[in-house]
Amino acid sequence: MADATTTYKKPLPKRRGVAGQFYDFCKKHELRFQRCTSCQTWRHVPRDMCAKCGSFDWEWAKSSGKGKVYSWTTAEQVMLPQFTSDVPYNASIIELEEGVRMVSWVIDIPNDDLRLDLPVEVFFDDVTPEVTLPKFRPIK
Ligand SMILES: [Zn+2]
């Protein structure tokens, strides 16, 4: 959780177009993904057309926020100076119950305890007044 008295210095997502809409929902602490309104297939990352049926019709559908660890890696080296205090940290692929996968962090667990299919749920980290990042933690 970002301390309101500090300035967040890590890279922030660009909030334009449909990606911006995704982060606007995160700001409201809602995890939503595109869902095709023709064939009901969920998708992420945001894009105009359904890869399954070719439809351009879609909606922002609310995710349960629950999923499992699909894969991860642990960063041991500092690639950007803003992450010095975070190493080692994990970059994880989360598979949500709806079937979509997204890259995030799993926190509240030692990196060595991460495992495939670990049940996790989203929480929303308000890193700046404008930006909220979806992160995940184990379901206890
Ligand atoms: Zn479709």
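Preceding block: the structure.
Residues numbered from 1 in each chain as written. Predicted model: local features only at pLDDT ≥ 70, side-chain atom pairs only at ≥ 80, totals over all residues. Heavy atoms only, no water.

We now examine the packing of aromatic side chains. Inspection of the entire model under this criterion finds seven aromatic pairs. Taking the centre distance of 6.0 Å and the plane angle of 40° together, the rings of Phe22 and Phe33 count as tilted. Separated by 11 residues along the polypeptide, Phe22 in helix α1 (residues 17-27) and Phe33 in strand β1 (residues 32-36) bring together distant segments of the chain. Of the aromatic side chains, those joined through ring pairs into one cluster are Phe22, Tyr23 and Phe33. Across the ring face of Phe25, the terminal group of Arg32 is positioned such that the distance to the ring centre comes to 5.1 Å. If you follow Lys135 out to its NZ or CZ, it ends over the ring of Trp105, 4.7 Å from the centre. (Phe/Tyr/Trp six-rings, centres within 6.5 Å; stacked < 30°, edge-to-face > 60°. Helix = DSSP H or I, 4+ residues; strand = E, 2+ residues; numbered from the N terminus. Lys NZ or Arg CZ within 6 Å of the ring centre and 35° of its normal.)

So, on to the sheet that holds β1. In space, the three strands of this open sheet follow the order β2-β1-β3, with antiparallel pairing throughout. In the strand order of this sheet, the two ends are held by β2 (42-43) and β3 (58-62), each with one partner. α1 rests against β1 and β3 of the sheet, and its axis sits at about 25° to β3. (Pairing = 2+ DSSP bridges. Contact = heavy atoms within 4.5 Å. Axes fitted to C-alpha atoms, helices over the stretch in contact; angles between N-to-C directions.)

Turning next to the nonpolar core. Residues Leu31, Phe33, Leu96, Val106 and Phe136 are the most contacted members of the largest nonpolar core, which totals 21 residues. Secondary-structure elements contributing two or more residues to this core are α1, β3, β5 (89-96) and β7 (119-126). Leu31 has contacts with Phe22, Ala61, Lys62, Ser63, Gly65, Leu96, Met102, Val122, Phe124, Pro134 and Phe136, leaving out every residue within four places of it along the chain. (Core = buried A, V, L, I, M, F, W, Y, C linked by side-chain atoms within 4.5 Å. Buried < 20%, exposed > 50% of the residue type's maximum accessible area, 1.4 Å probe, protein only.)

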